[in-house]
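# Understanding the architecture of this molecule
Next come the chains, spelled out residue by residue.
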Amino acid sequence: MTILERIRGPRDLKALTKEELGELSADVREFLVEAVSRTGGHLGPNLGVVELSIALHRVFESPVDRILWDTGHQSYVHKLLTGRQDFSKLRGKGGLSGYPSREESEHDVIENSHASNALGWADGLAKARQVLGERGHVVAVIGDGALTGGMAWEALNNIAAAKNRPLIIVVNDNERSYAPTIGGLANHLATLRTTDGYEQALAWGKQVIRGTPIVGKYVYEALHGAKKGFKDAFAPQGMFEDLGLKYVGPIDGHDIGAVESALRRAKRFHGPVLVHCLTEKGRGYAPALADEADHFHTVGVMDPLTCAPLTPSNGPSWTSVFEDEIVRIGEEREDVVAITAAMLHPVGLGRFAERFPDRVWDVGIAEQHAAVSAAGLATGGLHPVVAVYATFLNRAFDQLLMDVALHRCGVTFVLDRAGVTGVDGASHNGMWDMSVLQVVPGLRIAAPRDAAQLRSQLREAVAVDDAPTLVRFPKESAGPEIPAVGQVGGMDVLHRDEQPQVLLVAVGVMASVCLQAANLLTARGIGCTVVDPRWVKPVDPALPQLAAEHRLVAVVEDNSRSAGVGSAVALALGDADVDVPVRRFGIPEQFLAHAKRAEVLADIGLTPVEIAGRISGSLAAYDVHRRPGQEKQES
Ligand SMILES: Cc1ncc(C[n+]2csc(CCOP(=O)(O)OP(=O)(O)O)c2C)c(N)n1
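Residues numbered from 1 in each chain as written. Predicted model: local features only at pLDDT ≥ 70, side-chain atom pairs only at ≥ 80, totals over all residues. Heavy atoms only, no water.

### Notes on the site of the ligand
The criterion, for reference: When we say a residue is near a molecule or strand, we mean one of its heavy atoms is within 4 Å of it. We call two N or O atoms a polar contact when they sit within 3.5 Å, provided that within protein one can donate a hydrogen and the other can accept it, with sequence-adjacent residues counted only if both atoms are side-chain atoms. For every accessible area listed, the method is Shrake-Rupley and the probe measures 1.4 Å; residues are considered covered only by the protein chains on display. Residue polarity is assigned by list, with Asp, Glu, Lys and Arg as charged and Ala, Val, Leu, Ile, Met, Phe, Trp, Tyr, Cys and Pro as nonpolar; anything else, Gly included, falls into the polar class.
In the neighbourhood of the ligand, 23 residues make up the surrounding shell, with His73, Gly145, Asn174, Lys281 and Glu367 lying closest. Here Ala115 contributes a backbone N or O atom positioned 2.9 Å from a nitrogen atom of the ligand. One of the side-chain nitrogen or oxygen atoms of Asn174 is found 2.8 Å away from an oxygen atom of the ligand. Out of a free accessible area of 580 Å², the ligand has 98% covered by protein chains. A breakdown of the residues in the shell around the ligand according to their chemical character gives eight nonpolar, 10 polar and five charged.

Okay, here's the thing in structure tokens:
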């Protein structure tokens with residue numbers, strides 16, 4: 001039995017010797033490489049926090065002490081130490097979540113995987129403990145990447161205000177988000193990293209300067225009086241202390257003893273403390289360390305020895321189609337520039353950055369800044385393309401509405417991972433954009449159905465210079481091309497039966513599902529038209545008239561059913577006095593548990609069989625409803 005297998009909960013860690021702790025760390029790394037290669041998941045970040053997680057659970061008493069993981073992708077080791085060692089279905093249906101999960105364990109608190117929020121949670125929890133007079137520490141672990149987010153700084157501002165409210169912030173500084181962390185904060189952390197630490201400098205100052213005859217004493221006192229000057233002269237770590245936080249560090253985050261003693265010091269302090277730990281993403285696994293792009297931030301299913309991917313590729317991904325086209329557009333138009341929020345490669349801006357290094361900005365995990373600075377860039381005469389995952393655009397709603405749309409700025413938002421993403425669970429699905437953004441005046445939204453459409457709609461989007469545009473596409477491969485058989489207004493007709501009864505409005509990637517549903521309906525004698533509106537906002541002016549030629553409209557979207565494209569279509573039909581019922585197929589208003597994308601779509605009824613069945617059921621019910629008595633006569 002390995003030491004890891006003997007750990008049933010944090011208590012089992014307490015009695016381990018130094019040697020056993022070393023063995024445990026090695027067990028954990030071996031386990032992570034094996035297990036995560038089998039399922040895919042966040043490997044690099046977890047390899048980097050092995051010792052830190054062990055030390056945290058030895059020093060604190062979770063769950064009485066609350067340990068909060070910012071973003072939560074680095075919580076695998078914490079899971080292993082808190083009784084969860086069955087990783088066989090990690091991120092799969094019925095298996096462990098890839099993030100903390102309160103359903104899984106009393107040791108977990110924050111589940112939502114959107115970065116930079118843990119300090120805010122910690123502030124609230126610490127205040128609650130103070131008001132209720134409860135015992136226990138609150139510890140938030142935040143990466144240097146997550147520390148670039150504005151929310152973290154709003155929290156620091158509040159945390160620092162209460163000098164006597166204990167709260168421990170552990171900065172897990174591996175110098176990287178996905179790519180190396182950027183910006184002034186990153187530079188400051190780098191300065192801290194290269195110094196011996198304030199405490200050591202202070203001790204040295206006392207010894208050396210004071211020991212210098214006559215002038216030494218005065219120099220020391222003068223410097224000590226001007227504490228900031230002294231600190232900055234010898235260990236320039238003033239920023240956190242200037243904010244009002246005690247700073248401990250920098251600590252070697254892979255030295256369990258050193259981390260433990262820093263945490264114990266922090267625990268004794270009756271106010272906010274920041275413990276700065278230096279770690280290495282991908283630690284102990286050579287292929288991860290050799291991977292310059294992201295140190296294996298996330299991996300798919302792979303061979304742990306060769307790292308060769310073991311899931312077959314079904315053709316080019318949506319991301320790679322965007323990546324190619326934006327470079328082509330960049331060649332043709334010098335005014336097109338790009339912004340990423342710490343995800344240059346995942347959102348497909350890597351090649352653009354290589355080709356046009358001066359025309360791309362990584363703003364850190366700062367979607368709000370991405371949007372507002374895009375407004376500035378547009379007003380300054382450029383056309384910015386802001387590429388983010390759909391779920392993270394939620395952060396920038398106000399900036400998109402007030403800074404970009406209100407000022408009629410020509411900014412193109414590109415949303416990768418739109419719709420059901422699956423394995424990353426509830427918070428990673430990009431299922432809200434087409435609902436919340438319906439209310440933004442002047443915004444145009446494109447949902448391309450295939451790679452060719454993505455290329456042409458991206459071009460149409462960047463051609464708009466007096467309003468925001470948005471292009472959204474899902475995860476995985478773009479699939480085969482779906483040809484149009486005709487045109488109505490700006491919409492593509494994908495399928496047309498004689499005397500159609502049902503108009504299927506296929507939003508983006510749902511085109512192939514709609515075509516299959518139409519075939520099933522046609523086989524039952526229910527004629528269909530399938531249109532791809534291409535631009536789903538605003539609703540195409542030709543849609544109400546087309547709808548009027550059918551008995552039922554069914555809108556199928558990979559987005560929340562609430563207030564999405566289906567609702568916009570119903571509104572447009574109502575406004576045009578077209579009295580044809582609209583059925584809305586989409587994601588129910590709930591948080592979806594992790595599972596493969598196809599499994600989730602099946603569970604929520606977004607399959608051809610389910611859609612066809614419900615449409616024919618609706619038509620039958622509609623007949624009964626509209627012509628009562630006819631059923632009786634027929635029977
Ligand atoms: C609001 C938001 N934007 C983007 C992301 C995507 N994301 C996940 S982890 C990560 C990097 C985090 O870096 P850091 O906090 O330093 O943790 P590390 O992975 O280096 O341990 C990013 C950008 C996110 N989770 N949340």
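### Some points on the sheet that holds strand S2 (residues 138-143)
Selection rule: Only strands that DSSP links by at least two bridges are regarded as paired with each other. Here a helix means four or more residues in a row that DSSP labels H or I, a strand means two or more in a row labelled E, and each is numbered from the N terminus. Helix axes are fitted only over the stretch in contact, all axes being lines through C-alpha atoms; the angle between N-to-C directions runs from 0 to 180 degrees. The contact definition used throughout considers only heavy atoms, calling two residues in contact when any of these lie within 4.5 Å.
Pairing in this open sheet of five strands is parallel, and the strands run S1-S2-S3-S5-S4 from one edge to the other. Only two strands of the sheet have a single partner each, and these edge strands are strand S1 (66-69) and strand S4 (246-252). Direction aside, the axes of adjacent strands within the sheet are offset by 20° on average. As judged from the seven bridges shared by strand S3 (residues 167-173) and strand S5 (residues 272-278), these two strands associate in the parallel manner. Counted as the bridge partner of Asn172 is Cys277 from S5. Helix H13 (residues 256-268) contacts S3, S4 and S5 of the sheet and is inclined by roughly 170° relative to S4.

### Observations regarding unusual backbone geometry
As a reminder, the rule being used: Categorising residues by exposure relies on relative accessible area from a 1.4 Å probe, with only protein chains included: less than 20% of the type maximum marks a residue as buried, more than 50% marks it as exposed, and the intermediate range marks it as partly exposed.
The omega torsion across Gly249 and Pro250 is -5°, close enough to zero to call that bond cis. As for its position among the elements, Pro250 is in strand S4. Between Lys537 and the following residue, Pro538, the backbone shows a cis peptide bond with an omega angle of 0°. With phi around 50°, His295 is a residue other than glycine that occupies positive phi space. Its place among the elements puts His295 in the loop between helix H14 (286-290) and helix H15 (318-332). By relative accessible area, which is 10% here, His295 ends up buried.

### With respect to the packing of helix H2 (residues 18-39) against helix H4 (residues 50-59)
Inclusion rule: Roughly parallel here means an angle under 35 degrees, roughly antiparallel means over 145, roughly perpendicular means 65 to 115, and every remaining angle is called oblique. By definition, any crossing whose near helix is turned counterclockwise from its far helix by less than a right angle is left-handed, and any crossing with a clockwise turn is right-handed.
H4 packs onto H2 with a crossing angle of 125° between their chain directions and a minimal axis gap of 10 Å. The pairing of H2 with H4 is recorded here as oblique in orientation. Crossing of H2 over H4 shows right-handed handedness. Within the contact between the two elements, H2 uses Leu21, Leu24, Ser25, Val28, Arg29 and Leu32 and H4 uses Val50, Glu51, Ile54 and Arg58. A per-class count over the contact of H2 with H4 returns six nonpolar, one polar and three charged.

### Some words on the pattern of salt bridges
Which entries qualify depends on this criterion: Any Lys or Arg side-chain nitrogen located within 4 Å of an Asp or Glu carboxyl oxygen qualifies as a salt bridge.
The full count for this structure, using the stated rule, is 29 salt bridges. The partner of Asp424 in a salt bridge is Arg91, with the nearest N and O atoms 3.1 Å apart. Separated by 333 residues along the polypeptide, Asp424 in the loop between strand S9 (412-416) and helix H20 (433-436) and Arg91 in the loop between helix H5 (76-81) and helix H6 (118-132) bring together distant segments of the chain. A relative accessible area of 9% places Arg91 in the buried class. Ionic pairing is found between Glu460 and Arg534, a salt bridge with its closest N-O pair at 2.7 Å. Highlighted residues: Glu460 in helix H21 (residues 451-462) and Arg534 in the loop between strand S15 (528-532) and strand S16 (535-537), separated in sequence by 74 residues. Where salt bridges share partners, they join Arg449, Glu460, Asp492, Asp532 and Arg534 into one cluster.

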